[in-house]
Amino acid sequence: MTKSFRQQLTAWYLLLFTLLFLSFSVFLYGLLSRALYQRLDLTLSSEVSTAVEIFRGELAELHGDVPAAAAEAMSEMGIRDVLVAVFEGSKPIASNAPFDRPDLLAIAAQASASDRPEIVATIRPFGKVGSRVAARRFAIEGRQYVLLVAESLHSIEGDLWIVRRVLYLALPLVLLVAGLGGFLLATKSLAPLRWMAEQARNITDKNLEAGLDIGPAHEELRVLSDSFNELLSRLHQSFETMRRFVADASHELRTPLAVIRGEADVALDHDRRPAEYKESLAIIQDEARRLTRLIDDLLNLARADAGHMNLSVEEFYMNDLLVECCRTVQRAAVAKNIGVECQSPGDMAYRGDQELLRRLVLNLLDNAIRYTPPGGKVSVRLEAANGDLRLQVSDTGIGIPPDAARHIFERFYRGDQARSRQNGGFGLGLSIVRWIAESHNGTVELSSEPGAGTTFTVLLER
Ligand code: ADP
């Protein structure tokens with residue numbers, strides 16, 4: 001079950017507030033009740049002292065007449081709503097109001113027998129709410145007396161009742177305010193998310209670059225929207241690359257097809273001599289070969305992009321592979337009067353996809369021969385570098401200007417469009433070289449001097 005985030009936030013807010021309010025109420029109530037009881041106990045204790053002094057004074061005045069002195073003291077203490085009683089031992093001898101409560105007698109007895117001279121206790125019920133009692137033992141001329149003062153808890157209970165009432169009434173109010181506050185707060189904090197979701201719903205592949213605008217939002221949401229916008233921008237770039245790739249691929253496919261159709265149209269236009277047909281077919285064959293190569297390249301790159309390209313890794317000697325590649329391009333090099341030199345320091349074993357690496361070397365050699373004028377030189381060098389393999393293909397060709405060097409690994413990029421097309425390239429060779437190197441955890445670097453030559457360095461992890 002999905003729950004609304006806003007409801008959850010409100011519920012947590014409410015729970016927290018309730019707990020806080022309840023603990024605060026309990027704490028406040030406890031503190032107040034303790035303070036009220038402490039004050040009452042102090043009052044009781046001072047009333048006991050006063051009553052004892054009065055009793056002592058009356059006893060001296062009435063020359064030891066205990067009942068009369070007690071009665072006199074009791075009547076003097078009877079001014080307030082307080083019960084005062086005097087006991088000899090634990091036997092009541094006078095009180096300012098009639099009482100007959102076993103619990104009061106028990107406290108008097110306890111005070112007379114206890115080690116402590118004064119006992120304070122609460123008894124209930126006494127009247128309606130109970131009472132607080134203080135009893136003190138004292139002696140006059142060798143006789144033991146207990147003086148007991150009891151005061152109703154009515155006023156304390158009344159005060160506490162009012163506080164309880166206020167807290168009970170305040171609780172729903174606080175909950176209401178907290179719930180409402182929590183809901184409003186959650187709504188306000190989540191508003192940018194709603195706004196973001198609404199904007200995100202309107203984003204399609206056509207307006208990816210528009211991104212999200214959430215205005216002056218909190219930092220956390222800004223981080224979210226920024227990350228989302230970065231994601232959109234990456235997606236936008238991928239979409240653009242894909243669109244360009246499809247457009248470029250269609251464009252490249254159109255040219256050889258147009259040549260094939262043109263040649264076929266011309267050949268079929270009217271009867272021709274066998275030599276002319278042969279020539280047309282040779283052109284068609286050439287273009288068909290180019291088409292096959294282009295489609296192979298496209299397929300490989302598409303597979304690589306989709307991550308479906310599995311390397312068939314095996315161990316082989318890289319130096320042998322280089323020699324083989326040099327032999328393959330030898331004919332084209334000789335035709336252009338270009339010398340190819342292959343330097344390798346001996347057996348160098350490597351684990352990788354031999355077919356793909358052959359492709360990498362051939363692409364580099366092919367370019368080197370294509371972009372080197374007759375009479376030039378192409379050299380391939382293999383060496384070990386900090387445990388890795390370093391493969392360098394250098395030529396003494398036309399070189400690559402710095403602003404072209406930045407783009408040559410891009411798909412369909414051709415340095416000099418017209419010349420390169422004439423040379424038979426599609427601008428995919430180096431993208432494939434880089435992809436093969438990277439799929440072997442390697443890198444390709446370029447250093448070139450226009451007019452002097454170019455060196456491609458491939459570093460392969462071993
Ligand atoms: P192409 O099929 O056009 O050769 P590549 O991807 O192999 O495509 O190369 C991209 C561009 O890089 C080429 O069009 C060319 O301008 C430049 N380039 C590649 N290799 C060399 C080189 N050895 N010397 C000079 N320019 C080169």
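Small disclaimer: the values here were computed from a predicted structure and weren't measured.

Thresholds, definitions, all that
- All residue numbers refer to position in the chain's written sequence, counted from 1.
- Totals for whole chains, interfaces and linings use every residue, but because this is a predicted model, local features are given only for residues with pLDDT of at least 70 and side-chain atom pairs only at 80 or more, for both listing and counting.
- In computing side-chain values, all of the structure's heavy atoms are included and hydrogens and water are not.
- For helices the rule is a DSSP run of H or I covering at least 4 residues; for strands it is a run of E covering at least 2, with both sets numbered from the N terminus onward.
- The atom set for the radius of gyration is the C-alpha atoms, and the globule formula is 2.2 Å times the number of residues raised to the power 0.38.
- Each residue is placed in one exposure class: buried if its accessible area under a 1.4 Å probe, protein chains only, is under 20% of its type's maximum, exposed if it is over 50%, and partly exposed if it falls in between.
- Areas reported here follow the Shrake-Rupley algorithm with a probe of radius 1.4 Å; residue values treat only the protein chains shown as occluding.
- Charged residues are defined here as Lys and Arg on the positive side and Asp and Glu on the negative side; His and the ends of the chain fall outside this count.
- One atom stands in for each charge, and that atom is NZ of Lys, CZ of Arg, CG of Asp or CD of Glu.
- Where helices are involved, their axes are fitted lines through C-alpha atoms of the stretch in contact, as for all axes, and angles between N-to-C directions lie from 0 to 180°.
- Each angle receives one of four descriptions, namely roughly parallel if under 35 degrees, roughly antiparallel if over 145, roughly perpendicular if within 65 to 115, and oblique otherwise.
- Two helices that cross are described as forming a left-handed crossing if the nearer one is turned anticlockwise from the farther one by less than a right angle, and a right-handed crossing if clockwise.
- Here, residues are in contact when the closest pair of their heavy atoms is within 4.5 Å.
- In this count, Pro and Cys sit with the nonpolar residues alongside Ala, Val, Leu, Ile, Met, Phe, Trp and Tyr, while Asp, Glu, Lys and Arg are called charged and the others, Gly among them, polar.
- Pairing between strands is defined by DSSP: at least two bridges between the two strands are required.
- For Phe, Tyr and Trp, where Trp contributes only its six-membered ring, two rings pair if their centres lie within 6.5 Å, and the inter-plane angle classes them as stacked under 30 degrees, edge-to-face over 60, or tilted in between.
- Geometrically, a charge over a ring is one whose NZ (Lys) or CZ (Arg) sits within 6 Å of the ring centre while staying within 35 degrees of the ring normal.
- In the analysis that follows, any N or O atom pair within 3.5 Å is treated as a polar contact, provided that within protein one partner can donate a hydrogen and the other can accept it, and provided that, for residues neighboring in sequence, both atoms belong to side chains.
- Joining through side-chain atoms within 4.5 Å is the link that ties buried Ala, Val, Leu, Ile, Met, Phe, Trp, Tyr and Cys residues into a set, and such a set is a nonpolar core.

A.B. asks: Help me out: how do you make sense of the overall build of the chain in this one?
C.D. replies: Scanning the chain for helices and strands turns up 11 helices and 12 strands. Taking 23 Å as the expected radius of gyration for a compact globule of 462 residues, we find that the chain reaches 53 Å, considerably beyond that expectation. The principal-axis extent of the C-alpha atoms belonging to the chain is close to 165 × 55 × 35 Å. Across the 462 residues of the chain, 36% fall into the buried class. Approximately 27200 Å² of the chain is accessible, and the part contributed by carbon and sulfur atoms is 57%. In the chain, which carries 51 positive and 59 negative side-chain charges, the distance between the mean positions of the two groups comes to 4 Å.

A.B. asks: Whenever I open this one, the packing of helix H1 (residues 5-61) against helix H2 (residues 66-77) confuses me. Can you help?
C.D. replies: Packed helices, taken two at a time, are described by their axes: the angle between them and the distance between them. With their axes 8 Å apart at the nearest point, H1 and H2 run at an angle of 140° to one another. Taken as axis vectors, H1 and H2 run oblique relative to one another. Once H1 is placed against H2, the crossing between them reads as right-handed. Contact residues: Glu47, Ala51, Ile54, Phe55, Glu58 and Leu59 in H1; Val66, Ala69, Ala70, Glu72, Ala73, Glu76 and Met77 in H2. Considering only residue class, the contact of H1 with H2 consists of 9 nonpolar, no polar and 4 charged.

A.B. asks: Can you walk me through the sheet that holds strand E3 (residues 118-123) in this structure?
C.D. replies: Hydrogen bonds along the backbone pair up the strands of a sheet, which may run parallel or antiparallel. Taken in spatial order, the 5 strands line up as E2-E1-E5-E4-E3 in an open sheet, and their pairing is antiparallel. Every other strand in the sheet has two partners, leaving strand E2 (91-95) and E3 as the edge strands with one partner each. In this sheet, neighbouring strand axes are inclined to one another by 25° on average, regardless of whether the strands run parallel or antiparallel. Here strand E4 (residues 131-140) runs beside strand E5 (residues 143-152); their pairing, made up of 10 bridges, is antiparallel. Note on E5: the bridge partner recorded for Ala139 is Gln144. Against the sheet, H1 makes contact with strand E1 (82-88), E3, E4 and E5, and its axis sits at roughly 35° relative to E4, the strand it touches most. Each of E1, E2, E3, E4 and E5 is contacted by helix H3 (residues 102-113), which is oriented at about 140° to E5, the strand it contacts most.

A.B. asks: What exactly am I supposed to notice about the packing of aromatic side chains here?
C.D. replies: The relation between two aromatic rings is expressed through the spacing of the ring centres and the mutual angle of the planes. All chains considered together, the criterion is met by 7 aromatic pairs. Between the aromatic rings of Phe409 and Phe456, the centroid separation amounts to 6.3 Å while the plane-to-plane angle is 90°, which identifies the pairing as edge-to-face. Separated by 47 residues along the polypeptide, Phe409 in the loop between helix H9 (402-405) and helix H10 (417-423) and Phe456 in strand E12 (residues 453-460) bring together distant segments of the chain. Across this residue pair, the class does not change: Phe409 and Phe456 are buried. The structure contains a cluster of three or more aromatic residues connected by ring pairs, namely Phe55, Phe138 and Tyr145. The ring of Phe245 has Arg411 sitting right over it, with the charged end atom 5.2 Å from the ring centre.

A.B. asks: It is not clear to me how the packing of helix H4 (residues 154-201) against helix H5 (residues 219-269) should be interpreted in this structure. Could you clarify?
C.D. replies: Contact geometry of H4 with H5 gives a least axis separation of 11 Å together with a crossing angle of 15°. The orientation of H4 relative to H5 falls into the category roughly parallel. Like other packed secondary-structure pairs, H4 and H5 cross with a definite hand, here right-handed. Contacts between H4 and H5 involve Ser189, Pro192, Leu193, Met196 and Ala200 from the former and Leu221, Leu224, Ser225 and Phe228 from the latter.

A.B. asks: Help me understand the sheet that holds strand E9 (residues 377-385) in this model?
C.D. replies: One open sheet holds the 5 strands; their spatial order is E7-E9-E10-E12-E11, and the pairing between them is mixed. Strand pairing shows two members of the sheet lacking a second neighbour, strand E7 (339-343) and strand E11 (443-449), which therefore form its edges. With strand direction ignored, the average angle separating the axes of adjacent strands in the sheet is 15°. Note: E7 against E9, 5 bridges, orientation parallel. Paired with Val340 across the bridge in E9 is Val378. Lying over the sheet, helix H7 (residues 318-335) contacts E7, E9, strand E10 (388-395) and E12, oriented at roughly 175° with respect to E7. Sheet strands in contact with helix H8 (residues 354-370) are E7, E9, E10 and E12, and its direction is about 25° off that of E10.

A.B. asks: Looking at this structure, how should I read the environment of Tyr350?
C.D. replies: Within the secondary structure layout, Tyr350 lies in strand E8 (residues 349-353). A residue is classified by how much of its surface remains accessible, and Tyr350, at 3% relative accessible area, is buried. Considering only alpha carbons, one finds Tyr350 and Val313, 37 residues apart in sequence, at a separation of 9.7 Å. In this structure Tyr350 touches Glu314, Glu315, Phe316, Met318, Leu357, Leu389, His440, Leu460, Glu461 and Arg462, once residues within four positions along its chain are discounted. A distance of 3.5 Å separates the side chain of Tyr350 from the backbone oxygen of Glu461, its partner in a polar contact.

A.B. asks: How should I be thinking about the nonpolar core in this particular structure?
C.D. replies: Soluble, globular proteins show a tendency: their nonpolar side chains are buried together. Residues Met318, Leu357, Leu360 and Leu365 are the most contacted members of the largest nonpolar core, which totals 49 residues. Elements represented by at least two residues in this core include exactly H5, helix H6 (274-306), H7, H8, E9, E10, helix H11 (429-439) and E12. In terms of residue count, the dominant contributor to this core is H8 (8 residues). Leave out the neighbours within four places in its chain, and Leu360 touches Leu391, Val433, Ile436, Ala437 and Val458. Counting residues in each nonpolar core, the second largest holds 29 residues, with Val48, Val84, Ala94 and Leu147 among its members.

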